[in-house]
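Structural characterization, general
Read off the chains here:
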Amino acid sequence: MSEIVFTRTDARLGEFAVRPLDPDADAELLHGWVTHPKATFWMMQDADVARVREEYRAITRHPHHDAFVGLVNGRPSFLAEQYDPAHVELAGLYDAADGDVGMHFLCAPSDTPVHGFTLAVITTVMEMLFADPAVRRVVVEPDIRNTAVHALNAAVGFDVVGPVEKPEKTALLSFCTRDRFLAATRGVSA
């Protein structure tokens, strides 16, 4: 498998690691995640494995979009994407600033939910993004109806800007600066 590009230890849940996504090797795994009923907002409910493979091949080839598989204690457990919002997802829909990076994340479905797991995942993804000194602000555009992710975004320091109309959804544009993230998560990770 691919080389680990980021690690973070959570005092309660263990080691979180992130590696680049391999669209061919990971397609079947991702298919189970993105088509699960809990992944409705991922908008791939009817995708087959071939479509998932092609979607992630396109992302990994794109000069302004990257995808990663997150491991928790060595086990694939989440998907993360980073993108340049001036070129992908939000191009022309907001005033992009130098140092902006866009982010998506998705936790693998589980029959036994672990309290605090999703917060640990988004914290890991945010720490990975802010590990790059060029990143000044993380930008997200979740579906306006996805209240669960809005609460998570608030928990890690995002400020809501407001609704933005995208072709596939009405999104809730939100920003998080490095300082807001650090203030919101102080004491969250070990």
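Residues numbered from 1 in each chain as written. Predicted model: local features only at pLDDT ≥ 70, side-chain atom pairs only at ≥ 80, totals over all residues. Heavy atoms only, no water.

On to the environment of A47, then. Mapped onto the secondary structure, A47 falls in the loop between α1 (23-34) and α2 (49-61). Along the primary structure A47 and P85 are separated by 38 residues, whereas in three dimensions their C-alpha atoms are 25 Å apart. Contact partners of A47, with chain neighbours within four places excluded, come to H31, T35 and V52. (Helix = DSSP H or I, 4+ residues; strand = E, 2+ residues; numbered from the N terminus. Contact = heavy atoms within 4.5 Å.)

Every second residue of strand β1 (residues 6-10) is oriented toward a common face, the buried set being F6, R8 and D10 and the non-buried set T7 and T9. Pairing analysis gives five bridges linking β1 to strand β2 (residues 14-20), with the strands arranged antiparallel. Looking across to β2, one finds that D10 is bridged to G14. (Buried < 20%, exposed > 50% of the residue type's maximum accessible area, 1.4 Å probe, protein only. Pairing = 2+ DSSP bridges.)

Relative to the helices and strands, G74 is located in the loop between β3 (65-72) and β4 (75-83). For G74, a relative accessible area of 57% gives the class exposed. In the structure, G74 is positioned 59 residues away from E15 in sequence and 7.7 Å away in space, judged by C-alpha atoms.

Bringing the pairing of β3 into the picture now. A regular strand places its side chains so that they alternate between the two faces of the sheet. Of all eight residues that make up β3, seven are buried, and the element is covered over most of its length. In this structure, β2 lies alongside β3, joined through five bridges in antiparallel fashion. Pairing of A17 across the sheet is with L71, part of β3. Bridging between β3 and β4 involves eight bridges; their strand directions are antiparallel. When the sheet's bridge partners are listed, H65 is paired in β4 with Y83. The loop that links β3 with its antiparallel partner β4 comprises two residues; one of these, N73, has a positive phi angle of about 50°.

Tallying each qualifying case throughout the model produces four aromatic pairs. On the basis of an interplanar angle of 35° and a centroid distance of 6.2 Å, the ring pair of F16 and F117 is categorised as tilted. One end of the pair, F16, is in strand β2; the other, F117, is in helix α3 (residues 117-130), and 101 residues separate them in sequence. Residue F16 shares its accessibility class with F117, and that shared class is buried. One aromatic cluster in this structure is built from F16, F78 and F117. Sitting over the face of the ring of F16, R8 holds its NZ or CZ atom 5.6 Å from the ring centroid. (Phe/Tyr/Trp six-rings, centres within 6.5 Å; stacked < 30°, edge-to-face > 60°. Lys NZ or Arg CZ within 6 Å of the ring centre and 35° of its normal.)

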